[in-house]
Amino acid sequence: MTDVPFRLTYVFHSCFLFETEHVAIIFDYWKDSKDDVVARFLRSTTKRVYFLCSHFHEDHFNPELLHFEVPNGEKKVLLSRDIKKFRRLSDEGVARFLKLKEVYEDDGIKITVCGSTDIGVSFVVQADGLTVYHAGDNNNWIFPDEMDAREIKMMEGCFLATLRDMKARFDAFDAAMFPIDPRLGNEMGRGAVQFLHALPSRIFVPMHFGVSYAAAAGFSSTMAAFNSTYLPAHHTGEVLVDCLS
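The following refers to the structure shown. The numbers attached to residues start from 1 for each chain and follow its sequence in the written order. It should be noted that, the model being predicted, local features are given only for residues of pLDDT at least 70 and side-chain atom pairs only at 80 or more, the latter also being counted only at that level, while totals for whole chains, interfaces and linings use all residues. Only hydrogens and water are set aside; all other atoms, that is, all heavy atoms of the structure, feed into the side-chain values.

We now examine the overall build of the protein. Within the protein, the regular secondary structure consists of six helices and 14 strands. The C-alpha extent of the protein, read off along each of the three principal axes, is 50 × 40 × 35 Å. For the protein, with 245 residues in total, the buried portion stands at 57%. For the protein, contacts bridging at least 24 residues in sequence account for 65% of all contacts bridging at least 6. Only the protein chains shown count as cover for residues, and the accessible areas themselves come from Shrake-Rupley with a 1.4 Å probe. As displayed, the protein offers around 10900 Å² of accessible surface, 50% of which is attributable to carbon and sulfur atoms. We score Asp and Glu as negative and Lys and Arg as positive, and we do not count His or the chain ends. Charge positions are represented by NZ for Lys, CZ for Arg, CG for Asp and CD for Glu. Of the charged side chains in the protein, 26 are positive and 34 negative; the average position of the first set lies 4 Å away from that of the second. Working definition: helices are DSSP H or I runs of at least four residues, strands are E runs of at least two. Numbering for both runs from the N terminus. Classification of residues uses two cut-offs on accessible area relative to the type maximum, computed with a 1.4 Å probe and protein chains only: under 20% is buried, over 50% is exposed, and between them is partly exposed. Here, two residues are considered to be in contact whenever any of their heavy atoms come within 4.5 Å of each other.

We now examine unusual backbone geometry. For His13, which is not glycine, the phi torsion reads 65° and is therefore positive. As for its placement among the helices and strands, His13 is situated in the loop between strand S1 (7-12) and strand S2 (15-19). Although it is not a glycine, Asp28 sits at a positive phi angle of roughly 45°. Checked against the element boundaries, Asp28 lands in the loop between strand S3 (23-27) and helix H1 (37-44). Asp28 sits in the buried class, given a relative accessible area of 0%.

For H1, the set of buried residues is Val37, Val38, Phe41 and Leu42. One face of H1 carries all of its buried residues, which in axial projection span an arc of 125°. With respect to the buried face of H1, the exposed residues turned more than 90 degrees away are Arg43 and Ser44. Next to the buried residues of H1 lie S1, S2, S3 and strand S4 (48-53). By definition, the arc is the one covered by directions from the helix axis to the C-beta atoms.

Looking now at the sheet that holds strand S10 (residues 130-134). Here seven strands make up an open sheet; going across it, the order is S7-S8-S9-S10-S11-S12-S13 and the pairing mixed. Taken across any chain shown, the strands that pair with only one partner, and hence form the sheet edges, are strand S7 (103-105) and strand S13 (229-230). Between N-to-C directions, angles cover 0 to 180 degrees, with each direction set by a line fitted to C-alpha atoms, over the stretch in contact for helices. Against the sheet, helix H4 (residues 190-198) touches S10, strand S11 (173-179) and strand S12 (201-207), its axis set at about 160° to S11. Criterion used throughout: strands pair if DSSP finds at least two bridges between them.

Aromatic pairs are defined between Phe, Tyr and Trp rings, using the six-membered ring for Trp, whenever the two ring centres lie within 6.5 Å; interplanar angles under 30 degrees are classed as stacked, those over 60 as edge-to-face, and all others as tilted. Within the structure shown, the criterion is met by 20 aromatic pairs. For the ring pair Phe219 and Tyr230, a centre distance of 6.3 Å and an interplane angle of 65° mean the geometry is edge-to-face. Of this pair, Phe219 sits in the loop between helix H5 (213-217) and helix H6 (220-223) while Tyr230 is found in strand S13, placing the two residues eleven residues apart along the sequence. Exposure remark for Phe219: the relative accessible area of 8% places this residue in the buried category.

Taking strand neighbours across the sheet as the criterion, the seven strands line up as S6-S5-S4-S3-S2-S1-S14 in an open arrangement whose pairing is mixed. Strands at the two margins of the open sheet, each flanked by one partner only, are strand S6 (96-98) and strand S14 (239-242). Shown here is a sheet whose adjacent strand axes are inclined to one another by a mean of 20°, direction ignored. Examined bridge by bridge, S1 and S2 share five bridges and lie antiparallel to one another. For Tyr10, the partnering residue across the bridge sits in S2 and is Phe16.

Written out as structure tokens, the structure reads:
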């Protein structure tokens, strides 16, 4: 892990704007913040902007992003391969449809496509000396009232397998964006705890909680057990980290 400066802005739900000195990545765009943080950024930036989407679910991918313009910079769209199938997209406007275990690299970014316990994938992104993780829908999705013991065991086994695969390639992250979903009840933080035991992250940011900001913030006491800074958002468009000059 490194102390290279970056800026991380929570847009909404599982969407973040991650900005380094030279590039910007917008993860899982669904809808803009109430104060249009994405639209304003795209109008003003001179950087290359990567749109990176983990799967086709409507709360992780909005086809409107294909038509966004970056008038003073550059735009690249990188989508999980399932999006092409389920949203019936052509290749127009898409730099690459990414598949599991693929590594995409250009002169600004390196993306390692990792597994998920739901449809699609998750991403490890390396840019300007930083390594960050965006989980997409990768989580230990245990719904105790809806799943029997066999289903719970299968889910946990699948999730732990994704962690083992990442652990074989990465030791730790500078920042991780990971689901803390209140729909899971008492199990809402189970996956996060398992993730941090396997893959320490200097900064840990909850996502996939919709407008349940209090629930996400309330998990901070559990996160105190880890050597990680827990940064829950309190509103859309909130800048969570800003150490860029």
